[in-house]
Amino acid sequence: MPKQNFTPALLLSFVTIAILVCLVLFPHDGFGAALRGVSIWWDVLFPALFPFFVISEIMLGFGIVHFFGTLLDPMMRPVFRIPGIGGFVMAMGFAAGYPVAAKLTAQLWEQKLVNREEGERLVAFTTSSDPIFLIGAVSIGFFHDATLAFILAIAHYGGSFIIGLIMRFHGRKALPTPGPTRERGSIWKQAFQTMHNARLQDGRSLGILLSESILHSLRLMFVVGGLVVFFSVVLEVLTSAQVMNVFYLLITSLLSITGLPHELSQAVMNGLFEVTLGAKAAGGAPASLALSSKVAIGAFILSWAGMSVHAQIVSLLSHTNMRYLPFLFARLLHGILSAAIVLLIWEPMQQFRSQQAVFLPQYEANSPVLSYLQLIFPISAMVFVGAFAVIMSLYLAYSLLRLVYEKVGGTR
């Protein structure tokens, strides 16, 4: 009989009991953190994510996702080593924010449209902040400067594409998912045929599809909300119990090595647990600190996404065979890359910043739900279209480099 290792179970039990003791000792702090977590979920996450969850379910049922998969397959496979259907996941992930991309990837895995390695690559670089949160909550709500949105967007989404190019080397020995059968005729005709076949295979009527999409999305939204509240409470009670002081010392040392102010350790610690709390702490850091340093930390937190989002991703992928470690590595690398990009482009971008940015949405982080809904779709639609434009640009660059390589005597 093999020897069993009880260390992980004992460690998890100890951590759970420690959190419970802290919650009993500091009930008021825990209750206040829970209320803040619920407020974040209702005012920010629910209106931002729920419409996209429902829309993504409907688009899968109608076969629209399969349509984009066939259309983008010649571009996505050589650039990112994922099926063309990943292009749609990337666009939806960028437009709607975490954890929409993980939800779509899990559904594609269930339909055997991606394998484990392809799914891990896809989740690793498509998990990102939505543009409304980046512009409204972080740039305007937390930093009180709409012009920072351009710098944060370049660092965050640019870092995502770099991660996608790096992750193409992940699982190199794994066999790719078979692509769509090449047939004579227009690829558009083939894409429409694939969409039609997917719709017939799904078979649900519009009414059933809509009701099931809403029910599934509501269930997922409550999971997301529960995780946000949980991590908000854990962070607050552990801070009240002075348990986090050890981690603050470690983060302070790391910030000193990078040359960033140690006063930002509070923001980094909050961001390691929950992205909203961390970004708010970075924006509210002392005014005496360099704005570039605060924005760099904000970019790191947005790209790392916080353990709350990590738990959401793990929950969504729990019924698949996809692993967490590649995602963890990609998030950490994405955070470092985003912070470095901010510091790199800070000075050149100053000439593009203006005192007023009237075309950006006037949004407060704690605004009512209806005001949030008025901002979601226009901004997200721009990001959705922009993602496809970047895919085509990367494919054209890839094709040009391959052509040059073959001209000088190289081989495929």
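Residues numbered from 1 in each chain as written. Predicted model: local features only at pLDDT ≥ 70, side-chain atom pairs only at ≥ 80, totals over all residues. Heavy atoms only, no water.

- As recorded by an unreviewed UniProt entry, the protein chain carries the name Sporulation integral membrane protein YlbJ and is attributed to Paenibacillus oryzisoli.

## Brief notes about the overall build of the protein chain
Logical step 1: Counting its regular elements, the protein chain contains 17 helices and 0 strands.
Logical step 2: By sequence separation, contacts in the protein chain at least 24 residues apart represent 80% of the contacts at least 6 residues apart.
Logical step 3: Total accessible area computed for the protein chain in this model is approximately 20,100 Å², and 70% of it derives from carbon and sulfur atoms. (Helix = DSSP H or I, 4+ residues; strand = E, 2+ residues; numbered from the N terminus. Contact = heavy atoms within 4.5 Å. Areas by Shrake-Rupley, 256 points an atom, 1.4 Å probe, with all protein chains shown as cover.)

## Description of the pattern of salt bridges
Logical step 1: If you walk through the whole model with that rule in mind, you get 8 salt bridges.
Logical step 2: Across the pair Glu120 and Arg323 runs a salt bridge, and its minimum N-O distance is 2.8 Å. Of this pair, Glu120 sits in helix H6 (residues 116–126) while Arg323 sits in the loop between helix H15 (306–317) and helix H16 (325–349), placing them 203 residues apart in sequence.
Logical step 3: A relative accessible area of 3% places Glu120 in the buried class.
Logical step 4: Overall, Arg323 belongs to the partly exposed group, its relative accessible area being 37%.
Logical step 5: A salt bridge links Glu212 to Arg204, with the shortest nitrogen-to-oxygen separation between them at 2.6 Å.
Logical step 6: Counted as one network, the salt bridges with shared partners bring together Arg199, Asp202, Arg204 and Glu212. (Salt bridge = Lys/Arg side-chain N within 4 Å of Asp/Glu carboxyl O. Buried < 20%, exposed > 50% of the residue type's maximum accessible area, 1.4 Å probe, protein only.)

## Considering the layout of surface pockets
Logical step 1: Estimates place the volume of the largest pocket at around 1,200 Å³.
Logical step 2: The wall of the largest pocket is formed by 42 residues, among which Met269, Leu272, Phe273, Trp304 and Met307 lie closest to the centre.
Logical step 3: Within the residue set of the lining of the largest pocket, elements represented by two or more residues are helix H1 (7–25), helix H10 (206–240), helix H11 (245–258), helix H12 (265–273), helix H14 (291–304), H15 and H16.
Logical step 4: Here the lining of the largest pocket is built from residues that sort into 39 nonpolar, 3 polar and no charged. (1 Å grid on protein atoms, 1.4 Å probe; cavity = no way out; pocket = protein on both sides within 12 Å on 5 of 7 lines; lining within 4 Å. Points joined across faces, edges and corners; volume = space filled by probe spheres on them. Nonpolar A, V, L, I, M, F, W, Y, C, P; charged D, E, K, R; others polar.)

## Things to note about H16
Logical step 1: For H16, with 25 residues, the first-to-last C-alpha span of 35 Å sits near the 36 Å given by 1.5 Å per residue.
Logical step 2: Along its length, H16 shows its largest kink, about 30°, at Leu343. (Expected span 1.5 Å × (residues − 1). Bend = angle between axes of the 7 residues up to and from the residue.)

## What about unusual backbone geometry?
Among all residues save glycine, negative phi is the norm, and among peptide bonds the norm is trans.
Logical step 1: For the bond from Tyr98 to Pro99, the omega torsion is 5°, close enough to zero to count as cis.
Logical step 2: Structurally, Pro99 can be placed in the loop between helix H4 (85–96) and helix H5 (100–110).
Logical step 3: One non-glycine residue, Lys112, lies in positive phi territory at about 60°.
Logical step 4: Tracing the chain through its elements places Lys112 in the loop between H5 and H6.
Logical step 5: Non-glycine residue Ala305 carries a positive phi angle of around 85°.
Logical step 6: Relative to the helices and strands, Ala305 is located in the loop between H14 and H15.
Logical step 7: Under the relative-accessibility criterion, Ala305 is labelled buried at 0%.

## Considering the packing of aromatic side chains
Logical step 1: Tallying each qualifying case throughout the model produces 13 aromatic pairs.
Logical step 2: A centroid spacing of 5.6 Å and a plane angle of 20° characterise the contact between Phe68 and Phe88, whose relative ring orientation is stacked. Remark: Phe88 occurs in helix H4 and Phe68 occurs in helix H3 (residues 64–80); sequence separation between them is 20 residues.
Logical step 3: Exposure remark for Phe88: the relative accessible area of 0% places this residue in the buried category.
Logical step 4: The rings of Trp41, Trp42, Phe46, Phe50 and Phe222 are connected pair by pair, giving a single aromatic cluster.
Logical step 5: Over the aromatic face of Phe169 sits the side chain of Arg168, whose NZ or CZ is 5.6 Å from the ring centroid. (Phe/Tyr/Trp six-rings, centres within 6.5 Å; stacked < 30°, edge-to-face > 60°. Lys NZ or Arg CZ within 6 Å of the ring centre and 35° of its normal.)

## Quick word on the packing of helix H2 (residues 27–62) against H4
Logical step 1: Look at H2 against H4: their axes get within 10 Å of each other, and the N-to-C directions meet at 160°. Comparing the axis directions of H2 and H4 gives the class roughly antiparallel. Relative to H4, H2 is oriented so that their crossing is right-handed. Residues Ala48, Leu49, Phe52, Ser56 and Met59 of H2 form the contact with H4, whose participating residues are Phe88, Met92, Ala95 and Ala96.
Logical step 2: When grouped by side-chain class, the residues that make up the contact of H2 with H4 number 8 nonpolar, 1 polar and no charged. (Axes fitted to C-alpha atoms, helices over the stretch in contact; angles between N-to-C directions. Parallel < 35°, antiparallel > 145°, perpendicular 65-115°, else oblique. Left-handed = near helix turned anticlockwise from the far one by under 90°.)

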